[in-house]
Amino acid sequence: MSIIYRYITIQISKYFGIVLTFVIGIYIAVDFFEKIDDFMEVGLPYSKTIFFFILEIPFVIAQILPICILLAVLIVFSLMTRHNEVVALRSSGVRIYYLFKPVVIIGCILGGLLFYFSDVIVPITQARSNQIWLRDVRKESTAITREKNIWIKGNRIIININYFNPKIKTIYGITLYQFDQRFQLIRRIDAKKGVFKQGKWLLYEIMEQNLDKEQADYHITFSDQQVESLNFIPDDLNRVAKKSEEMTFKELSAYIKKVEAEGYDVTKYRVDLYAKVAFPFICIIMCMVGTGIGTRDNIKEGMPVVIAYGIGTAFLYWIFYSFCLSLGYGGMLPPGIAAWTANLAFFCFGAVTLLNAEQ
């Protein structure tokens, strides 16, 4: 490794560590003051409270890592430009593309680490932190299996939902068990699907069984649809349904195949599957953008302006990326295109900034 490469690598690594630590500290501090009252109200032990916030760190890292590397690259090259180091190197025949080589290698390494982190570490920590928040803090009575089946326990009622589609607020494969005070089954309802309309659940294709205690037998009735009072709303299911970030790439892929084979809509999960692969590539793109902006001759306005450039670029990417994913969730874009459009657009932007810096 040449002296220039070693210098750039060390400086970027140093500032990357500083920025990453600073941003994590701010996020955890804000999250702590926002949730500490809830933890104190339920009397959760301090050790478990601290453990909860430690479990939040991997998810935070997975979200902010691209902006941290962008800011680190911007800071290093803007300092070099401000001290005329880039001018000296270019006057010696060193091109911008030469300076970009160690940066893109760092971006590739971080992209691979981000994919591994998001696919292996985050699903474990997110599942555990969500469990603490929902079960120990919010005292939710809802539990979910490792597959797609959702179980809800209420007042002498147990409900099983085979699949929940949050996009259209529809549940499929509903089975309701109602018990008396001696925990004897007195009523069972099986419905093909349920739709949440005007604050109520409307069930379709229903088979209902009611216990006749005198005859010690169940009467069975069938109906096309009926309104049923269920002790949950779609927002409750959104909180407890297993999210894509709680599944690895392999688990999510198997989940999609299983749900799709049963005839359910898996558009949202397929978009998330492509996003798991697409998002880590933003590390390389942010390195490209940071190098192009940081090595411009006119980037001598000061560090606050440089940081503003980085935050603004990351903000625009995140807005555009989220917008494209929303279009994918809504079926307006194919899942693959929805996940990769933002990367393609910002790759073009990064290429343009590099070309302008080289001129």
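As the structure is a prediction and not an experimental result, all values here were calculated from the model.

Asker: Tell me about the confidence of the model for the chain, residues and numbers included.
Answerer: In regions of low pLDDT, the predicted coordinates are not meant to be interpreted in detail. Put simply, the chain has an average pLDDT of 83, and 92% of its residues get 70 or more. Predicted confidence is poor over residues 141–147, with pLDDT under 50, and the contacts of this stretch with residues over four places away or in other chains come to 17 contacts.

Asker: Talk me through the packing of helix α2 (residues 46–82) against helix α4 (residues 96–137); I want residue IDs and the actual numbers.
Answerer: For any two helices packed against each other, one specifies the crossing angle of their axes together with the interaxial distance. Here α2 crosses α4 at 160 degrees, and the two axes come no closer than 8 Å. When the interaxial angle is binned, α2 and α4 end up roughly antiparallel. Of the two elements, α2 crosses α4, and the hand of that crossing is left-handed. In terms of residue class, the contact of α2 with α4 is built from 22 nonpolar, four polar and five charged.

Asker: An account of a nonpolar patch on the surface is requested, with residue identities and associated values reported.
Answerer: Where nonpolar side chains cluster on the molecular surface, the patch consists of F22, I26 and V30 and spans about 310 Å² of accessible area. Looking at where I26 falls in the secondary structure, it is placed in helix α1 (residues 3–42). By relative accessible area, I26 is classed as partly exposed at 43%.

Asker: Give me the lowdown on the packing of aromatic side chains, citing residues and values where you can.
Answerer: Enumeration over the complete set of coordinates arrives at 18 aromatic pairs. When the centroid spacing of 4.2 Å and the interplanar angle of 5 degrees are considered together, the rings of F179 and F183 count as stacked. An aromatic cluster of at least three residues, connected via ring pairs, comprises F279, Y317, W318, Y321, F346 and F349. The ring of Y269 carries K268 above its face, with NZ or CZ at 5.5 Å from the centroid.

Asker: Outline the nonpolar core, listing residues and values.
Answerer: Grouped together as the largest cluster of nonpolar side chains are 64 residues, with contacts concentrated most on I12, F16, I69, V103 and Y317. Broken down by secondary-structure element, the contributors of at least two residues to this core are α1, α2, α3 (85–91), α4, α7 (267–278), α8 (282–294), α9 (303–329) and α10 (335–358). Non-local contacts of F16, meaning those with residues more than four positions away in its chain, are made with L65, C68, I69, A72 and L110. Counting 16 residues, the second-largest nonpolar core is a separate cluster that includes I161, F164, L176 and L230.

Cut-off values and rules
- Residues numbered from 1 in each chain as written.
- Predicted model: local features only at pLDDT ≥ 70, side-chain atom pairs only at ≥ 80, totals over all residues.
- Heavy atoms only, no water.
- pLDDT = per-residue confidence, 0-100.
- Contact = heavy atoms within 4.5 Å.
- Axes fitted to C-alpha atoms, helices over the stretch in contact; angles between N-to-C directions.
- Helix = DSSP H or I, 4+ residues; strand = E, 2+ residues; numbered from the N terminus.
- Parallel < 35°, antiparallel > 145°, perpendicular 65-115°, else oblique.
- Left-handed = near helix turned anticlockwise from the far one by under 90°.
- Nonpolar A, V, L, I, M, F, W, Y, C, P; charged D, E, K, R; others polar.
- Patch = residues over 30% accessible without salt bridge, like charges linked within 9 Å, V, L, I, M, F, W, Y side chains within 5 Å.
- Areas by Shrake-Rupley, 256 points an atom, 1.4 Å probe, with all protein chains shown as cover.
- Salt bridge = Lys/Arg side-chain N within 4 Å of Asp/Glu carboxyl O.
- Buried < 20%, exposed > 50% of the residue type's maximum accessible area, 1.4 Å probe, protein only.
- Phe/Tyr/Trp six-rings, centres within 6.5 Å; stacked < 30°, edge-to-face > 60°.
- Lys NZ or Arg CZ within 6 Å of the ring centre and 35° of its normal.
- Core = buried A, V, L, I, M, F, W, Y, C linked by side-chain atoms within 4.5 Å.

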